[in-house]
Amino acid sequence: MDPVEVAAAPPEAGPGPAWRSKCPWGAPNTASMSCSLADVMSEQLAKELQLEEESAAFPEVVAVAEGPLITAENVDTSSDLMLAQMLQMEFDREYDAQLRREEKKINGDSKVSISFENYRKVHPYDSDSSEDEVDWQDTRHDPYRADKPTTTPRKGFIGKGKDITTKHDEVVCGRKNTARMENFAPEFQVGDGIGMDLKLSNQVFNALKQHAYSEERRSARLHEKKEHSTAEKAVDPKTRLLLYKMVNSGMLETITGCISTGKESVVFHAYGGNATEDKVIPPECAIKVFKTTLNEFKNRDKYIKDDYRFKDRFSKLNPRKVIRMWAEKEMHNLTRMQNAGIPCPEVVILKKHVLVMSFIGQDQVPAPKLKDVTLSSEDMKKAYYQVLNMMQQLYKECNLVHADLSEYNMLWHDGKVWFIDVSQSVEPTHPHGLEFLFRDCKNVSQFFQKGGVAEALNERELFNAVSGFNITADNEVDFQEEIEALEKMNEDHVQNHGKKLAMFSSDGDPPIYDE
Ligand code: ADP
Ligand code: MN
């Protein structure tokens, strides 16, 4: 498309609500500049030269002139797709900020207010706090170490004294504008200017942007319901970027689709890509994305708050980091299980709130949950003994209690049971660890007893068999009380002596509970 033609088109031409015709990005100003062309040219030339000089001296800084997202550490300018994604996010944020201003202006102090919520590009929870913006680092060792301060100049310009280059620099800005055109809706024709070194003026770009948006909105209204799908909501722009990077880096071959959408996570299937020097990628992977919407996680505080492994970190964290902690917990717990030889997904990599692990199943078909599979009585019995064994191993060798064990979190694959979903698993000395274990035992015992396994222990026997305690109460209420007494004893001991009771120790003989 010829940019001159675009400039001539009146911006009001596009359909759209009245508020937008006020042109939130600045009124298109057709008045020509008062200086001569020669002046402009020479000034531009000077700036261009200066820019070149700067990029030679500070290559990484000049490349990242805009926005809190694009920092020197995480930017990979070699990928157009990624760059486009980053620009899109920046663009969306600007758009939303303007929307917010408009909303405020319209509503004033009125008791009845109009919400522009549905027009937002970025979901409220997606909006980031720049302090947790470390994006693509190896988080396997300590994902929550203090983030490096961002090197992006928040002040909006680079350089000193007369050498300042602001984000308003025409050349930088013009090129950026052209690149941004690529982010207009796919059906919006932007011509072939993108590949050229085209410097689109702000006015032209703004006019185009307005038009593209009103087009996009119009078609969106036609085709889309108010609610996005849950899966889509979980995969906010930043998560999408993380996933793109996994594919772009070759670690994953393709992400084929969504296996499960839960309250707290969305799981995708992917084909594994190339091995790195320290890691062989399984042929099929499951990607568990912990949702960044926070409300679902509130009631899970109790699992992590009292887990001493996370104790000193919890209080200082913002909710977003707490969600990453769930992912981190799942990774650590899976690793422990793997080391003990318990059938479970193998950790591939953790990036922020995205955990990649091996896929249990085949050819994109996930293994069925125990609740969904019909087993012969022989297999059912086999499964029971296996689960009993795995629970003991989990407790004694991994020093863990699953804490959400049921037929929903056990898969049947290759003729055996696999444990999954261990983000909430805790150590037995967790202040509620034994209560969680008892709940697990109830689920398991009920499932196998109903499933016709005559040998299945009842929940109290199972609890003792797994934990090594010897609680003799013969009814649930008393049993539960004794469990809580034990937990309290341990808590007091930790308070007074700074360490847990010896009877919780996972090595040596099974502890005997002494009434
Ligand atoms: P949630 O917290 O949502 O329950 P899960 O870890 O249980 O998360 O995963 C949800 C579902 O996704 C599981 O019930 C299972 O069907 C599927 N799934 C999760 N991890 C894997 C895996 N590694 N391989 C195959 N399927 C998996
Ligand atoms: Mn689950």
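Parameters at a glance
- Residues numbered from 1 in each chain as written.
- Chains lettered and ligands numbered in written order.
- Predicted model: local features only at pLDDT ≥ 70, side-chain atom pairs only at ≥ 80, totals over all residues.
- Heavy atoms only, no water.
- Pairing = 2+ DSSP bridges.
- Helix = DSSP H or I, 4+ residues; strand = E, 2+ residues; numbered from the N terminus.
- Axes fitted to C-alpha atoms, helices over the stretch in contact; angles between N-to-C directions.
- Contact = heavy atoms within 4.5 Å.
- Buried < 20%, exposed > 50% of the residue type's maximum accessible area, 1.4 Å probe, protein only.
- Expected span 1.5 Å × (residues − 1).
- Parallel < 35°, antiparallel > 145°, perpendicular 65-115°, else oblique.
- Left-handed = near helix turned anticlockwise from the far one by under 90°.
- Nonpolar A, V, L, I, M, F, W, Y, C, P; charged D, E, K, R; others polar.

What follows deals with the sheet that holds strand β6 (residues 347-351). Pairing is antiparallel in the open sheet, where 5 strands are placed in the order β3-β4-β5-β7-β6. For this open sheet the edge positions go to β3 (252-261) and β6, each flanked by a neighbour on one side alone. Between one strand and the next, the sheet's axes are offset by a mean angle of 20°, whatever the strand orientation. As judged from the 5 bridges shared by strand β5 (residues 284-290) and strand β7 (residues 354-358), these two strands associate in the antiparallel manner. Residue pairing across strands places Ile-287 opposite Val-356, the latter belonging to β7. This element, helix α12 (residues 319-340), spans β5, β6 and β7 of the sheet and lies at about 160° to β6.

The side-chain alternation of strand β10 (residues 410-413) yields two buried faces, one formed by Met-410 and Trp-412 and the other by Leu-411 and His-413. In this structure, β10 lies alongside strand β11 (residues 416-419), joined through 4 bridges in antiparallel fashion. Counted as the bridge partner of Met-410 is Phe-419 from β11. Count of turn residues in the β10/β11 antiparallel hairpin: 2 residues, of which Asp-414 carries a positive phi of about 60°.

A few words on helix α14 (residues 433-450). Its 18 residues place the ends of α14 26 Å apart at the C-alpha level, agreeing with the 26 Å of an ideal helix rising 1.5 Å per residue. Just past α14, the residue Gly-452 takes up positive phi, approximately 90°.

Among the 7 residues in β5, 7 count as buried, and that is most of the element. Across the two faces of β5 the burial is the same, with Glu-284, Ala-286, Lys-288 and Phe-290 and Cys-285, Ile-287 and Val-289 all buried. Judged from the 7 bridges that link them, strand β4 (residues 265-272) and β5 form a sheet pairing that is antiparallel. Paired with His-269 across the two strands is Ala-286, which belongs to β5.

Looking now at the packing of α14 against helix α15 (residues 459-467). One can describe the packing of α14 onto α15 by two numbers: an axis separation of 8 Å at closest approach and a directional angle of 125°. Accordingly, the angle class assigned to the pair α14 and α15 is oblique. Judged by the sense of rotation from one axis to the other, the crossing of α14 with α15 is right-handed. Of α15, the residues touching α14 (which contributes Leu-434, Leu-437, Phe-438, Cys-441, Lys-442, Val-444 and Ser-445) are Glu-459, Arg-460, Leu-462, Phe-463, Val-466 and Ser-467. Its residues placed into classes, the contact of α14 with α15 shows 8 nonpolar, 2 polar and 3 charged.

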